Amino acid sequence: MSGGPAVQISIESACEKQVQEVALDGTETYVQPLSMSQNLAKLAQRIDFGQGSGSEDEGGEGEARGQEWGKQEQEEDEATVKFQPSLWPWDSVRNNLRSALTEMCVLYDVLSVVKEKKYMTLDPVSQDSTVGKTPPVLQLLGKKKSLATAAQLLLKGAEKLNKSVAENQENRRQRDFNSELLRLRSQWKLRKVSDKILGDLSYRSAGRSLFPHQGTFEVIKNTDIDLDKKIPEDYCPLDVQIPSDLEGSAYIKVSIQKQAPDIGDLGTINLFRRQLKPKSGTQPWHLKLEAAQNVLLCKEIFAQLSREAVQIKSQIPHIVVKNQIISQPFPGLQLSISLCHSTGDKKNQKSTPDKNKPDDHLYVLEHNLHQLMREFHKQTLSSVVMPHPASAPFGNKRMRLAGPMAYDKAEITSLQQSEGLLEKIIKQAKHIFLRSRTARTIDSLASRIEDPQIQAHWSNINDVYESSVKVLITSQGYEQICKSIQLQLTIGVEQIRVVHRDGRVITLSHQEQELQDFLLSQMSQHQVHAVQQLAKVMGWHVLSFSNHVGLGSVESIGNASAITVASSNGEYSVSVRNGPESGCKVMVQFPRNQCKDLLKSDVIQDNKWNYLRGPHKEVHWSKMEGRNFVYKMELLMAALTPCP
C-alpha cells in the first residue's frame, strides 16, 4: 500500500450445500445438489397445468388436485427438511441469483477500498528500532562463520561425490570388461590357465592344422587410461596380445611372367589381402585377431604349397627359396607364388611394392584361386570321416564299391590319386595363359587382316580349366550368304579343341603359331566358300571345288583351295585359287570366237568348234574395283553374265 507490508484479506464464499452429517472426526458430509435437468424436473412437478382453465366442471377436479398436491408437499416436508413452497415456481432460482449478486457487490466494494486510497489506508504497526540492534562487527563475524560452515559442508559433499563417481567408473569398467569378454568368448575359443585367459587362433578346433603353430593369444585388461580425464569414445576395456610372428598383415602374391615379346607379363594378384581401414563399430581386438588369423592362414597355405612343390616330380623341378615358389608351366613362362608378410614397421612399408595397375590385374584368376584355396582348406578341416557300416571299410565311397564292381588295378590307382593344391594352381595358370594368348592371336589377326573379317564371341559361363569362344569368319555386306566358316574353340589347360560346323574336331597344342596358321587357312578357305555361295545366288554353275589343291606352288601354311564356276549359258568360266600365303589368283576363260590372238588351225574346219572355251586369262585383281573379295567377284560375274 503506502509503504508498509501488505495485509492479506481472506474472502470465503457462502456455503451453498446443506450439511447432511457430521462424523466423529469432524468430517462434514454435504447433500449433493441437483443437476439442472433434475432441478427442472422438480420444478415442473410443482406446476399445475390444469389451473386457470375457466371451466366450472373442472373446478371440483382442480380443488381435489390442489388438496392432493398439498398433501404430497406436507409429506415431503415431514420426511426431509421443512420447506415452505412459494407462489412462483422460479422463486429459488431468483433467490440464488440475488445472493450471488450480493456477494459480487461486496467483493467489488472490498477491492475498491483496497485499490483506491481515498476510502481507507492500511499501514503496518511501527516497532522500536533500538530493540535487538546488533553491532556490524558481530554481524560480519556471524556471516563469516556461517559461510565457513557452508563451505565445509560443500567440500565434504564434493569429496563424497568424487568418490562415488570414481567407484561408479571402476564398476562400469569392470562391467564393460566382462561384457567385452563375453562377446570375445562368443566368437573365439577361450580357456583359463591359472590366472591368465588364453585364446586359440588356429584351426585345430575345426580339424587338423597344416602349419605347426600354437596360435594362442592372451586376453588382458586395458588399464592405460587416467580416471581423472575424459574417457575417449574409442576406448575398449579389453585388449589382446598375439604372438610376434603373427603380427601385421600377410597375403599370398601370385604372378605370371613371360619374357617373350608376344605376351609379356600377364599380371599379378594378391590373395587374402585385407584392407587397413576398419569399419565403424568394430572393436580393435576383433581387427587384430582377424589379421593374426589371416596371417596364420597364409602361412598354412604357403607351407602346404612348399611341401607339395618338393614332393611333386615334374620335368622342370619346382624351386622353393625362402618365401617364394617358382614353377614353369610352359617353356619360357614363369609362375611365382610368394608369401608377403609385413609387421607394420616403416621400413617394411617402404619396401612393399606399389599397387598394380587395373590392366595388370587378373580378376578371373584371383576369383578362381580364392575359391580353390578356401575349398581346399574347408576339405582339410572337415576331413573327419562320418560313421560307416561295419561291413564296409572306411574311406571313399568309390573305394568301397571297388570290390563289388570288380575294379582293375588302373581304376583303383586312378581313384587313389588326387591332385594337390599346387597342381591345381599351376593348371589354372596354364589355362589363363593359354586363354590370353588365344585372345591376343585372334585380336591381332582381326586388326591386321581386313578381308575377310574375323569375329570372336567369348562365353560368359566358363569352367575353371576350360573356356569357350565362337569364331566367325565373314565378309562385309555378305554375312547372310557367307556362313560356311563357324568355329567353336574350347581352350583347355594344355591344348585347344576346335569343332567345325560340320562336326570335325581338330586338336591344337599350346603353341601360338599352330592356332595362327589354322585361322589363316580357314580364312583362305572362306574366300572359296564365299565364291561357291555367290555362284548359287547368281545362277552360275559350280564345275569343281576342292579345299586342298595338289597342284601349283606348295603353301608353307596349310593348303590352297580352288573352285571353278561357269556362267548360266556356259560361255564363260571363272577359276579361283586362294592360298594362305600365296594369296588369291583369278582366271577367266573366254569362248574361242572371242579370242583374237588365237591362231587359226587348218584341222578345225567346222564353225561349231569355235563356241568352245579357249585358254584362261588372269585377272589383275589388285586393279579391280570393290571393297572386298566377294564384292569384286560379284562385279566380275555380273559383267560375264549374258543379258536375257
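Criteria and thresholds
Residues numbered from 1 in each chain as written. Predicted model: local features only at pLDDT ≥ 70, side-chain atom pairs only at ≥ 80, totals over all residues. Heavy atoms only, no water. Helix = DSSP H or I, 4+ residues; strand = E, 2+ residues; numbered from the N terminus. Buried < 20%, exposed > 50% of the residue type's maximum accessible area, 1.4 Å probe, protein only. Contact = heavy atoms within 4.5 Å. Pairing = 2+ DSSP bridges. Axes fitted to C-alpha atoms, helices over the stretch in contact; angles between N-to-C directions. Phe/Tyr/Trp six-rings, centres within 6.5 Å; stacked < 30°, edge-to-face > 60°. Lys NZ or Arg CZ within 6 Å of the ring centre and 35° of its normal. Salt bridge = Lys/Arg side-chain N within 4 Å of Asp/Glu carboxyl O. pLDDT = per-residue confidence, 0-100.

A.B. asks: Help me out: how do you make sense of the overall build of the chain in this one?
C.D. replies: In terms of regular secondary structure, the chain is built from 13 helices and 21 strands. Each of the 644 residues in the chain was classed as buried or not, and the buried ones make up 29%. In the chain, the share of contacts with a sequence separation of at least 24, taken over all contacts with a separation of at least 6, comes to 56%.

A.B. asks: It is not clear to me how the pairing of strand β19 (residues 573-579) should be interpreted in this structure. Could you clarify?
C.D. replies: Remember that side chains alternate between the two faces of the sheet whenever the strand is regular. Here β19 lies mainly inside the structure; six of its seven residues are buried. Taken together, the seven bridges between β19 and strand β20 (residues 583-591) define a ladder with antiparallel strand orientation. Each bridged residue has a counterpart across the sheet, and for G579 the counterpart in β20 is G583.

A.B. asks: Any chance you could explain the sheet that holds strand β14 (residues 486-491) here in plain terms?
C.D. replies: Sheets are built from strands that pair by backbone hydrogen bonding, the pairs being arranged parallel or antiparallel. Strand order in the open sheet made by the five strands is β12-β13-β14-β15-β16, with antiparallel pairing throughout. At either end of the open sheet lies a strand with only one pairing partner, and these are β12 (453-458) and β16 (505-508). Neighbour-to-neighbour, the strand axes of the sheet open up by a mean angle of 25°, direction not taken into account. Here β14 pairs with strand β15 (residues 496-499) via four bridges, running antiparallel. By the bridge assignment for β15, L489 is matched with V498. Sitting on the sheet, helix α11 (residues 421-448) is in contact with β12, β13 (467-474), β14 and β15, with an inclination near 150° to β12.

A.B. asks: How should I be thinking about the packing of aromatic side chains in this particular structure?
C.D. replies: Given two aromatic rings, their pairing is described by the distance between the two centres and the angle made by the two planes. Under the definition given, this model contains four aromatic pairs. Judged by centre distance (6.4 Å) and plane angle (80°), the ring pair of W188 and F217 falls under edge-to-face. Separated by 29 residues along the polypeptide, W188 in the loop between α4 (136-187) and β3 (189-193) and F217 in strand β5 (residues 216-221) bring together distant segments of the chain. Residue classification places W188 among the buried residues on the basis of a relative accessible area of 11%. With a centroid separation of 5.8 Å and 85° between ring planes, the pair formed by Y572 and F590 is classed as edge-to-face. Taken together, the positions of Y572 in the loop between β18 (561-566) and β19 and F590 in strand β20 put the pair 18 residues apart, joining distant regions of the chain. Owing to a relative accessible area of 12%, Y572 belongs among the buried residues under this scheme. Accessibility expressed as a relative area gives 23% for F590, which makes it partly exposed. Over the ring of Y465 we find K427; its NZ or CZ atom is 4.4 Å from the centre of that ring. Over the ring of W458 we find R435; its NZ or CZ atom is 5.0 Å from the centre of that ring.

A.B. asks: Where do I start with the pairing of β15 in this structure?
C.D. replies: Taking every second residue as pointing to the same face, the buried face of β15 carries I496 and V498, while none of R497 and V499 on the other face is buried. As consecutive antiparallel partners, β14 and β15 are separated by four residues. Between the end of β15 and the start of β16, which pair antiparallel, lie five residues, with G503 showing a positive phi angle near 100°.

A.B. asks: Can you help me understand the sheet that holds β3 in this one?
C.D. replies: Taking strand neighbours across the sheet as the criterion, the four strands line up as β3-β4-β5-β6 in an open arrangement whose pairing is antiparallel. Both edges of this open sheet fall to β3 and β6 (238-241), since each of them pairs with a single strand only. Going from strand to strand, the sheet's axes swing by 35° on average, the running direction of each strand aside. The strands that helix α5 (residues 284-311) touches are β5 and β6; relative to β6, the one it contacts most, it runs at about 20°.

A.B. asks: Can you help me understand the pattern of salt bridges in this one?
C.D. replies: If charged atoms from side chains of opposite charge come close, those side chains can pair. Per the stated rule, a full pass over the model turns up five salt bridges. Its salt-bridge partner being R183, residue E180 comes within 3.8 Å of it at the nearest N-O pair. Separated by three residues within a single helix, E180 and R183 lie in helix α4, roughly one turn from each other. Assessed through its relative accessible area of 39%, R183 is described here as partly exposed. E494 is the partner of K430 in a salt bridge, and the nearest nitrogen-oxygen pair spans 2.7 Å. Note that K430 is positioned in helix α11 and E494 in the loop between β14 and β15, a separation of 64 residues in sequence.

A.B. asks: Could you clarify how one ought to interpret the environment of I197 in this entry?
C.D. replies: With respect to the secondary-structure elements, I197 resides in strand β4 (residues 196-200). Using a relative accessible area of 21% as the deciding quantity, one classes I197 as partly exposed. In this structure, the C-alpha to C-alpha distance between I197 and F217, residues 20 residues apart in sequence, is 8.6 Å. Excluding anything up to four places from it in sequence, I197 contacts L181, L190, R191, F217, E218 and V219.

A.B. asks: Sorry, what's going on with the confidence of the model for the chain here?
C.D. replies: Interpretation of the predicted coordinates at a detailed level should be avoided for regions scoring low in pLDDT. Chain-level statistics for the chain give a pLDDT mean of 77 and a share of 71% at 70 or above. Per-element confidence in the chain is highest for β15, whose mean pLDDT is 93, and lowest for helix α6 (residues 346-351), whose mean pLDDT is 45. When the criterion is pLDDT under 50, residues 53-62 qualifies, and its contacts beyond four places in sequence or with other chains add up to one contact.

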